[in-house]
Amino acid sequence: MYRNRRSRLVGLAYLAPALIFVLVFTVYPLGQMVWMSFHNWSLITPPVWVGLSNYRRMLGDDQFWTSFVFTLKYTALITPPLIVGGYLLALLTATNTPLRRVTRTVVFIPVVIGLGVSSLLWYWLFSADFGLVNRALLDIGLIDEPILWLGVDADTSNFAISASVVWKVIGFGMILFIGAIQAIPSEITEASLVDGASYRQRVTRVVLPLTMRTVLLVTLVSVIGSLLAFDQFYIMTAGQPQNETATSTFYVYLNSFPYLKLGYGAALSMVLAVTILAFTVVQLLLTRRSHA
Amino acid sequence: MRRTRYLVGAVCVVVCTVMLLPLVMSLLASVKPTQEAAATPPTYVPHAVSLDSYSRLWDYQQGLPTYLANSFGTAMLTIAITLLLTVPAAYALAQFPIPLKEVLFVILLLALIVPYQALLTPMFLMFARIGLTNTLLGLAILHTTIQLPFSLYILRNSFSAVPRELAEAAIVDGASSWQVLRRVFLPSSVPAVVTVALFAFIMSWNEFLGALVMMSKGSTFTLPLILAAARTETSLGGTDWGMLQAGITISILPCVLVYLLLQRYYVSGLMSGAVK
């Protein structure tokens, strides 16, 4: 219907506001971040061109490596329970009986609440003296003294925070897995039933292989989210002890805002952005192919 | 067969309990009397019910109504800006022959591959220059950049599914392109619009890091910010745990209600936009 030049202009006019918005509020900041990463800038003094020195400095910056390694540790700790747990919950609730549907709805509730707010909630639950986690563990007799969960030991904090985030986001993977499981053609399931396959055989030989793409996709989304972790650590440990629980995003935040090392912060952001970019491109390629 | 059914039932009950327990405990703690809320060891179930914590939250610093209004205002502005930008853009992509359409679409989706967390400093500097820091509009603009690709993706898919004949018939009848959008595309895409608004609301209401960077004045704080600030309050006796629980309850409630009411849109939106 629309073929002439006028309609091209009309189309562009409808597209223009969004395009201008993205150019101003995403593309321009992106360019400025690249520019800043080659400068030293503390806001008070004018920016000074320093070439690659911000990037070189990173290599010898212990705090950078600590935050980088800690972020990887957190990601490695939280991803397996999220994927395996999410998948088990999906297997449990993929059928449409009322009880299973209710369970599905309940498991998904924490996904819609904020990570910041859920972190505050768990900050209370894990509090040494005022928290119910210690109270319950003491009552059961599993421990004799309250455990200092947060901000005293990096590994203990990592464990507690991971547990809280698993609670918050496990429903996300579950929902996507349910979608994938329900998309399996019923003929395939029926055929395996006729062949006398046990439940376990059906899951491992039919369901799991046919939903592998979704498993990979959810894993990538979780990994990207974990590599960008900030709220949970800012709220539950504030990086303590001695910035040992400061994640990569946390370290970017520290340098850019409290320390006002804008150039260095931008260089750190670049590393973060490029890492995420690599994962996201793989994820987008996967999504695109699954649509075709 | 029967035993399996009981076993599945039991597992479901356990799972629901584990998932709901933290929320229920926080709700219970929010109605403990002041003394009990600060007790060690903490009690599981309140011995008496009181709304002290809520009234302290109501008066906390600038007062709860300010923070509720800030959070709600930012979320509404985010929904409005997101829809104003993405509805016409999705219409353009679905209906018009635009030169370099694919390239423009990729640019519009750029925020999907560049995390906003990494762009915060340059955005903060720009907002400071044009006077958008410490304003709800500024925060809403930031939230829109986060939400835009997902919204555009959902709306474009929905608009692309509108039958061509419908739009063509309207054009033959002499409808302008704007009327075609309003009378043909929008009415058949109500679910997509609801999905976009729902996701924008929940994201904006809950977003933390961007608000932390953009808002430095207490009077412009959103709920997550003021609660995080209340956590470290150390004036006599440390954290006011009861007030914190009241705040948690209040900020969780709208999200859960909206989700329970609009579950269908949320889940289908998530599945069609699994990229985000």
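This is a predicted model, so every value here is computed, not measured.

A. Region of the structure containing the overall build of chain B. The helix and strand inventory of chain B stands at 15 helices and zero strands. Overall, the C-alpha framework of chain B stretches about 75 × 65 × 30 Å when taken along its three principal axes. When burial is assessed residue by residue, chain B has 58% of its 276 residues classed as buried. Nonlocal contacts in chain B, meaning residues at least 24 apart in sequence, comprise 73% of its contacts between residues at least 6 apart. Taken as a whole, chain B presents about 11700 Å² of accessible surface, with 68% of it coming from carbon and sulfur. Across chain B, 15 positive and 10 negative side-chain charges occur, with their mean positions spaced 8 Å apart.

B. Spatial organisation of the UniProt feature "transmembrane region" (unreviewed entry) in chain B. All names here are of chain B. Cross-referencing UniProt, the feature "transmembrane region" (unreviewed entry) maps to residues 7-29, 67-91, 103-130, 136-155, 184-202 and 242-262 in the present numbering. Helix makes up 100% of residues 7-29 and strand 0%, whereas the separation of the span's terminal C-alpha atoms amounts to 32 Å. Helix makes up 95% of residues 242-262 and strand 0%, and the two end C-alpha atoms of the span are 31 Å apart.

C. Structural view of the interface of chain B and chain A. The interface is formed by 92 residues belonging to chain B together with 83 residues belonging to chain A. Considering only the surface of chain B that becomes buried against chain A, M19, R231 and W241 of chain B emerge as the three largest contributors, covering 8% of it. Taken together, the links from chain B to chain A amount to zero salt bridges. For the pair chain B and chain A, the interface holds 13 residue pairs in polar contact (both at pLDDT 80 or more). In terms of residue count, helix α1 (residues 2-30) of chain B provides more of the side of chain B that touches chain A than any other element does, 14 residues in total.

D. Main features of the UniProt feature "domain: ABC transmembrane type-1" (unreviewed entry) in chain A. When the UniProt feature table is mapped onto this chain, "domain: ABC transmembrane type-1" (unreviewed entry) is found at residues 68-283 of chain A. In residues 68-283 of chain A, helix accounts for 76% and strand for 0%; the two terminal C-alpha atoms are 22 Å from one another.

E. Structural view of unusual backbone geometry. The step from Q240 of chain A to P241 of chain A runs through a cis peptide bond, and the omega angle for that step is -5 degrees. Secondary-structure assignment places P241 of chain A in the loop between α11 (231-236) and α12 (248-256). Even without being glycine, Q61 of chain B reaches a positive phi, approximately 45 degrees. Positive phi values are uncommon outside glycine, yet L100 of chain B reaches one of about 60 degrees. Looking at where L100 of chain B falls in the secondary structure, it is placed in the loop between α4 (64-95) and α5 (101-108).

F. A look at the packing of aromatic side chains. Counted by the stated rule, this structure contains 37 aromatic pairs over all chains. Arranged with centres 5.9 Å apart and planes meeting at 85 degrees, the rings of W65 of chain A and F68 of chain A form a pair that is edge-to-face. Here W65 of chain A and its partner F68 of chain A are both found in helix α3 (residues 62-93), three residues apart, which amounts to about one turn of the helix. Judged by centre distance (5.4 Å) and plane angle (45 degrees), the rings of F108 of chain A and Y259 of chain B are tilted. Note that F108 of chain A is positioned in helix α4 (residues 98-112) and Y259 of chain B in helix α14 (residues 241-261), a pairing that runs across two chains. Both residues of the pair, F108 of chain A and Y259 of chain B, belong to the buried class. Members of the aromatic cluster, connected to one another through ring pairs, are F230, Y234, F250, Y253 and F257 of chain A together with F124 and F208 of chain B. Here R57 of chain A stacks its cationic end above the ring of Y264 of chain A, 3.9 Å away from the centre of that ring. Positioned over the ring face of Y265 of chain B is R264 of chain B, at 4.9 Å from the centre of the ring.

G. Geometry of the UniProt feature "transmembrane region" (unreviewed entry) in chain A. Mapped onto this numbering, the UniProt entry gives "transmembrane region" (unreviewed entry) at residues 12-31, 74-94, 106-125, 165-185, 206-230 and 262-286 of chain A. Taken end to end, residues 106-125 of chain A comprises 90% helix and 0% strand; its first and last C-alpha atoms sit 20 Å apart.

H. Structural view of the environment of L21 of chain B. Residue and element names in this part refer to chain B. Relative to the elements of secondary structure, L21 occurs in helix α1. Relative accessible area serves as the criterion here: at 44%, L21 is assigned to the partly exposed category. Sequence spacing of L21 and V258 is 237 residues, and the spatial spacing of their C-alpha atoms is 20 Å.

I. Geometry of the state of the cysteines. All names here are of chain B. Applying the stated criterion across every chain, the model contains zero disulfides over all chains. There is no disulfide at C16, and the cysteine sulfur nearest it, in C12, is 6.4 Å away. Exposure remark for C16: the relative accessible area of 13% places this residue in the buried category. Summary of cysteine pairing: C255 is not part of a disulfide, and the nearest cysteine sulfur, belonging to C16, is at 20 Å. Residue classification places C255 among the buried positions, given a relative accessible area of 0%.

J. Here's a closer look at the environment of V282 of chain A. Note that V282 of chain A resides in helix α13 (residues 262-291). As for V282 of chain A and A191 of chain A, which are separated by 91 residues in sequence, their C-alpha atoms are 34 Å apart.

K. Expanded view of the pattern of salt bridges. Residue and element names in this part refer to chain A. For the structure on display, the rule yields four salt bridges over all chains. The partner of K73 in a salt bridge is D155, with the nearest N and O atoms 3.9 Å apart. Here K73 is found in helix α3, whereas its partner D155 is found in helix α7 (residues 154-182), with 82 residues between them in sequence. Owing to a relative accessible area of 43%, K73 belongs among the partly exposed residues under this scheme. D155 sits in the partly exposed class, given a relative accessible area of 48%. With its nearest N and O atoms 3.0 Å apart, the salt bridge here joins R135 to D139. Of this pair, R135 and D139 both sit in helix α6 (residues 132-140), four residues apart, which is roughly one turn of that helix. Accessibility expressed as a relative area gives 47% for D139, which makes it partly exposed.

Rules of the game
Residues numbered from 1 in each chain as written. Chains lettered and ligands numbered in written order. Predicted model: local features only at pLDDT ≥ 70, side-chain atom pairs only at ≥ 80, totals over all residues. Heavy atoms only, no water. Helix = DSSP H or I, 4+ residues; strand = E, 2+ residues; numbered from the N terminus. Buried < 20%, exposed > 50% of the residue type's maximum accessible area, 1.4 Å probe, protein only. Contact = heavy atoms within 4.5 Å. Areas by Shrake-Rupley, 256 points an atom, 1.4 Å probe, with all protein chains shown as cover. Lys, Arg positive; Asp, Glu negative; His and termini not counted. Charge placed at Lys NZ, Arg CZ, Asp CG, Glu CD. UniProt positions renumbered as here; feature names shortened; annotations may be inferred. Buried area = accessible area lost by both parts, 1.4 Å probe. Salt bridge = Lys/Arg side-chain N within 4 Å of Asp/Glu carboxyl O. Polar contact = N/O pair within 3.5 Å; in protein donor to acceptor, adjacent residues only side chain to side chain. Phe/Tyr/Trp six-rings, centres within 6.5 Å; stacked < 30°, edge-to-face > 60°. Lys NZ or Arg CZ within 6 Å of the ring centre and 35° of its normal. Disulfide = S-S within 2.5 Å.

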